[in-house]
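In case you want the letters, here they are:
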Amino acid sequence: MFDAPAPATVDRMLAAQQHAADQFGLRATGRRVWGYRGRTLSSAAGPHWLRVVCAEAGTEGGKLWNGPSTSRALPASVPRPDLFRIRDWTTDAYTYRAELYAYAPDPIVSPRPVLDEDPGLPKTWWKEMTAALAALDDVPPPADREAVREEYLRRVIPEFTGHQVDDVTWSTAHGDLHYGNVTRGPHILDWEGWGSAPYGYDAATLYVYALLTPQTAARIRTQLAPVLDRPEARTGLLTVCAQVLQAQDRVDFYAELAGPVREHLAHL
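Residues numbered from 1 in each chain as written. Predicted model: local features only at pLDDT ≥ 70, side-chain atom pairs only at ≥ 80, totals over all residues. Heavy atoms only, no water.

A short note on unusual backbone geometry
Residues Gly 185 and Pro 186 are joined by a peptide bond in cis, for which omega reads 0°. As for its position among the elements, Pro 186 is in the loop between strand S6 (170-173) and strand S7 (195-198). The backbone of Arg 37 sits at a positive phi, close to 55°, despite the residue not being glycine. Position of Arg 37 among the secondary structure elements: in the loop between strand S1 (28-34) and strand S2 (40-45). Judged by its relative accessible area of 67%, Arg 37 is exposed. Positive phi is not limited to glycine here, since Asp 190 has a value of about 60°. Its location among the elements puts Asp 190 in the loop between S6 and S7. (Helix = DSSP H or I, 4+ residues; strand = E, 2+ residues; numbered from the N terminus. Buried < 20%, exposed > 50% of the residue type's maximum accessible area, 1.4 Å probe, protein only.)

Structural notes on the environment of Leu 136
Position of Leu 136 among the secondary structure elements: in helix H3 (residues 123-137). According to the relative accessible area criterion, Leu 136 is buried, its value standing at 2%. Each C-alpha atom of the pair Leu 136 and Val 78 lies 6.5 Å from the other, and the pair is 58 residues apart in sequence. Look past the residues within four positions of Leu 136 in its chain and what remains in contact with it is Leu 74, Val 78, Thr 172, Ala 173, His 174, Trp 191 and Asp 202. (Contact = heavy atoms within 4.5 Å.)

Observations concerning the nonpolar core
For soluble globular proteins, nonpolar side chains are generally found buried alongside one another. Tyr 179, Val 208, Tyr 209, Leu 257 and Val 261 are the most contacted members of the largest nonpolar core, which has 59 residues in total. At the level of elements, H3, helix H4 (150-161), helix H5 (201-208), helix H6 (214-223), helix H7 (225-228), helix H8 (234-246) and helix H9 (252-265) are the ones that each hand at least two residues to this core. (Core = buried A, V, L, I, M, F, W, Y, C linked by side-chain atoms within 4.5 Å.)

Thoughts on the sheet that holds strand S3 (residues 48-56)
Taken together, the 5 strands give an open sheet; going across it, the order is S1-S2-S3-S5-S4, and neighbouring strands pair in antiparallel fashion. Only two strands of the sheet have a single neighbouring strand rather than two, namely S1 and strand S4 (83-90). Strand-to-strand, the axes of this sheet are offset by a mean angle of 20°, without reference to chain direction. As paired strands, S3 and strand S5 (residues 94-102) are joined by 9 bridges and run antiparallel to one another. Its bridge partner lying in S5, Val 52 is registered against Ala 98. (Pairing = 2+ DSSP bridges. Axes fitted to C-alpha atoms, helices over the stretch in contact; angles between N-to-C directions.)

Below is the structure:
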């Protein structure tokens, strides 16, 4: 999803990936998938998927570090690759975690978080995704994991959308449900940031991230109507819109979305 980091980071992470593969008796193959600033490196490893995450020694732990491992407690009705082995180790400067997943071979929906064209997903895909969101919503919002903080949304929604926030209905969310994190299975990938969020946040992300293709967005809005038509989903939708507008000067695809988001907000 991100470009390769600086050469020194590439060399360090490739060495860590090799160490992890050796520990599992596998060989990393195929396309390398880099995380933000080289914090993670993933690729196929035999019949599995190998993900290596790093942090400066002494700073590991916390929500992002433990997200994938804690997500294993979520119900099986939320479709995701099975994380079945974890190995941790520390060098002088960094701590690493290797996560080995049962490899889901179906491709991701989009190489970018946003849609540039209609992905041609069938109604059955949307039916399964809506069911997955409902299963996730049935999980009580965790007290120790926040995908979106209340203080944050109460600040950015008025500032960037001009709308006010009333009562917030909280639910359990993936927290980063864009089109590079869902496959054509569908499987939902990358559970680092899952936690509590305003109701409808995940569905709103799928909808807003399709606004570059209006006809596709309209169909997606219809498919996600069981979630987005509920009054309590309004705050989740406003949160996603506010995040886009807040980050438009820093993130290219947010800059592309800013115009359609403003147009959408004018009709809310």
